[in-house]
Amino acid sequence: MTHHPDTTPSPAPSARPDLVARLRTAGCVFAEDEALLLTEAARTPAELDAMTDRRAAGLPLEHVVGWARFAGLRTVVEPGVFVPRRRTEFLVEQAVARATAARGAGPRPSPLLVDLCCGNGAVGLAVATALHGRARLHAADVDPAAVRCARRNLAGLAQARVHRGDLFTALPTALRGHVDVLTANVPYVPSADLPLLPPEARDHEPRTALDGGPDGLALLRRVAAHAPRWLAPGGCLLTETSEAQAEAARTLLTDAGLTARIARHAPLDATVLLAERAT
């Protein structure tokens, strides 16, 4: 008798129904998917129950499982640290394009990248990974928990350094005038709109990563004021904003002496400003 291999597809894994029910009752829209992620992350049944309780209580899923997927990468996220958003992958895409151009045209063998307000380091990691580790990267954030996460996420990149401090004051002064690509995913939510944010962000992410001041542009003004002195000739500042703020942000960057344009990715609801220093 000839035995044929079993070609019946394996059933898709399913989560414990009680976990799914608890998450669904708590308002988790993707309860089944989240239950599977929690099950994979937990080492014991008791830990799984505790993690489910934390998620049901409103903690971001990423804080509960300890990681967030961003630009195809798994990045460490500790409780209290800003969770990278999928829309910011558009910022990464634009930054990679600029860094590739800088590497090809500039005299340096690899582009110099700076990532301000780096959070857990996801943006810098994604850009450097896309450039196959050839870029030199300096990342900075004012929040100690974010810096701790960024150092863990960037530990595998030989040319990456993470600094703690307020914007440009955190950086080595030797970088001034040499930065090819400057990403600054600054907070841009107007202060009065913070109560309107989803509870996951409002209650569990640091205010410093969300609050953009009265008009949402306070941090961007500070970045724009100093960016021209840090960028190399032809270097580019890239920052994310809301669609409603884009024109005001572009004017702000133009007033700082940069040539700015707006890029939009409707499916991701992402708006990025690219501001170039003259050559």
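Per chain, the residues get numbers from 1 upward, laid out in the order the sequence is written. Only residues with pLDDT of at least 70 get local features here, since the model is predicted, and only at 80 or more are side-chain atom pairs given and counted; chain-wide, interface and lining totals rely on the full set of residues. Only hydrogens and water are removed before side-chain values are computed, so all heavy atoms of the structure are retained for them.

(A) How the structure looks around empty space enclosed by the protein. Grid points spaced at 1 Å and placed over the protein atoms alone form the basis of the search, with a cavity being a set where a 1.4 Å probe fits but cannot get out and a pocket an open set showing protein on both sides within 12 Å along at least five of seven lines. Lining residues have an atom within 4 Å of a point. Grid points are joined across faces, edges and corners, and a volume is the space filled by probe spheres set on the points. In the structure shown here, the tally under the stated rule is one cavity of 30 Å³ or more. What the largest cavity holds in volume is close to 50 Å³. Lining the largest cavity are Ala 95, Leu 113, Val 114, Asp 115, Gly 124, Val 127, Leu 137, Val 181 and Thr 183. Under the scheme used here, helices are H or I runs from DSSP no shorter than 4 residues and strands are E runs no shorter than 2 residues, and both carry numbers assigned from the N terminus. Listing elements by their share of the lining of the largest cavity, those giving two or more residues are β3 (112-116), α6 (122-130) and β6 (179-184). Counting residues per element, the lining of the largest cavity draws most heavily on β3, at three residues. Across the lining of the largest cavity, the residue classes tally to six nonpolar, two polar and one charged. All amino acids are sorted into three groups, where Ala, Val, Leu, Ile, Met, Phe, Trp, Tyr, Cys and Pro are nonpolar, Asp, Glu, Lys and Arg are charged, and the leftover types, Gly among them, are polar.

(B) The arrangement of the environment of Leu 91 in detail. Its place among the elements puts Leu 91 in helix α5 (residues 89-105). Throughout, exposure labels follow a simple rule: accessible area from a 1.4 Å probe, protein chains only, divided by the maximum for the residue type, with under 20% read as buried, over 50% as exposed, and the rest as partly exposed. Judged by its relative accessible area of 0%, Leu 91 is buried. With 92 residues separating them along the chain, Leu 91 and Thr 183 place their C-alpha atoms 8.1 Å apart. Excluding its chain neighbours within four sequence positions, the residues that come into contact with Leu 91 are Asn 185, Leu 238, Thr 239 and Val 272. When checking whether two residues touch, look at their non-hydrogen atoms; a contact exists if any pair is within 4.5 Å.

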